[in-house]
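Each chain, written out:
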Amino acid sequence: MATTMKIPSRELWSYFGYGLGQCFSFGLVGSFINYFYTDVLGISALAASTIFLIARAWDAVHDPLFASIMDTINSRFGKFRHFLLIAPLLITAVTLLSFYKIDADMSTKILYAGVTYILWGTLYAISDIPFWSMSSVMTNDSGQRTRAVTAAMLGVNAGIACANIFFPKLAAFFAQYSNDRGYFMAALVMMVVGLPLMLNGFLQIKERVPPSPEKVTMRDTFHNLRQNKPLFIVLLSFFFCVFHNVANGIYIYFFIYNLGDGSLQMAIGIMGIVAAVVCLVAPLLTRRIQKRKLFMILCGLDIAVRVVMWFVGYQHIAPLFILLGLSTVFVMMTNILTSSMIADTIEYAEYHTHKRCAAITFSGQTFTGKMSVAVGGGLIGVFLTLIGYVPQAQAQSESVLNGLFFGICLLPAIGSLIRMGFMSRFTFTEEKHAEICRLLAERREVAVS
């Protein structure tokens, strides 16, 4: 019979802390590296875009490859925990290298930017994949996993929000002492704070779910991935946050031209932190409502809020930010649910293949998240072109202003509608997961005896 493995609160806080520290790096690179390349390092936007494209192509190769290797390894610390000791040091170093302004000719600058950015993405995967995979070995109970994933997701979103709030202020402070607008020193401060948070995660987080009794090979990991049909439905639902990612990139244009105050961008980071706190109710909700059903309810609420926002307009700032805040809560909570459902599909694939492969399962989340952000970034330029946006203009036409408002209101609503459509096909409920866990426990008992 499967036993419930409860996760202590201290451990959940440490899991939160690892995600917080790790996503200082993700927030810095995700939000500021493009500006650093073009306006500080001095390379062209085309060169920067080419670097991002090459990096995403490399991600498609190395994310599943590294994950498959991770699934074949066992150490005295467990299957994934040892990576949480090594990866923080690597991430800290490569993040600082990424924001270091070199004095060289243009070709060398482009090469340096390309090498450090691709290296950052590679090393980040070595941290992110085992970080999320830990949620599958900390406990075998679906409800407890939701608690763990909630803690992790709150850390991730809080880390990204902190990067957006504090990095610009730190950079402005250090700008007077450097020729790189203070970027390197600001990144150093952020990562010096983040590193001990990550290392504490390694010390405190424990693995409790035993590995599969059968030896796992790299070939087994890819076979396991192909058999995991529920996983692909969840990943498709996760990917179509792409329209929300487009909206995130459009906010700065909306605040500057529609509201006349670019500093309002900081409010997005603050809303992210507030939403992360509100999302603490996610485990309580999943005790009463199936994750699949709750996911679809949240997407429906996001659609409703954004439609209301469209009809209310943006002339009154208070209602606008209240509605944006509600949408942030709904979307963030759906991402908690998708991570929890991804963890549950590990047992589905293990039952059908007799091999437990958590890392390659979560590599799907890591890669899909990167791809969603990358595609969203590419679509921002397409969207701005379609609505007739004029770069560096003092003011934009009425049609552009309406287009920008559409981009932050109704475009994400379309994404939520698509996400609901995919999730409606997900049938691997908590009841089916519990039954498979019971059968797996019986199988292990037979194997031991």
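Residues numbered from 1 in each chain as written. Predicted model: local features only at pLDDT ≥ 70, side-chain atom pairs only at ≥ 80, totals over all residues. Heavy atoms only, no water.

### Observations concerning the packing of aromatic side chains
Within this structure, the stated rule accounts for 34 aromatic pairs. Ring centres of W310 and F405 lie 5.4 Å apart, and the angle between their planes is 20°; this geometry places the pair in the stacked category. Taken together, the residues W310 in helix α12 (residues 291–312) and F405 in helix α15 (residues 398–423) connect sequence positions 95 residues apart. Residue classification places W310 among the partly exposed positions, given a relative accessible area of 29%. Here the aromatic rings of W310 and F406 are separated by 6.2 Å at their centres, their planes lie at 90°, and the arrangement is edge-to-face. (Phe/Tyr/Trp six-rings, centres within 6.5 Å; stacked < 30°, edge-to-face > 60°. Helix = DSSP H or I, 4+ residues; strand = E, 2+ residues; numbered from the N terminus. Buried < 20%, exposed > 50% of the residue type's maximum accessible area, 1.4 Å probe, protein only.)

### Quick look at the nonpolar core
For soluble globular proteins, the rule of thumb is that nonpolar side chains tend to be buried together. Counting 133 residues, the largest nonpolar core has L28, Y37, F99 and F254 as its most contacted members. Looking at this core element by element, the count peaks at 15 residues for helix α13 (residues 317–353). When neighbours within four sequence positions are excluded, F99 is seen to be in contact with L28, V29, F32, I33, F36, D180, Y183, F184 and A187. (Core = buried A, V, L, I, M, F, W, Y, C linked by side-chain atoms within 4.5 Å. Contact = heavy atoms within 4.5 Å.)

### Details of the packing of helix α1 (residues 9–41) against helix α2 (residues 45–71)
It is the contact of α1 with α2, at a shortest axis distance of 9 Å, that shows an interaxial angle of 140°. For the element pair α1 / α2, the angle class is oblique. Here α1 runs over α2; the crossing is right-handed. When α1 is examined against α2, the residues I33, N34, Y37 and T38 are found in contact with a partner set consisting of A45, A48 and F52. For the contact of α1 with α2, the class distribution of residues is 5 nonpolar, 2 polar and no charged. (Axes fitted to C-alpha atoms, helices over the stretch in contact; angles between N-to-C directions. Parallel < 35°, antiparallel > 145°, perpendicular 65-115°, else oblique. Left-handed = near helix turned anticlockwise from the far one by under 90°. Nonpolar A, V, L, I, M, F, W, Y, C, P; charged D, E, K, R; others polar.)

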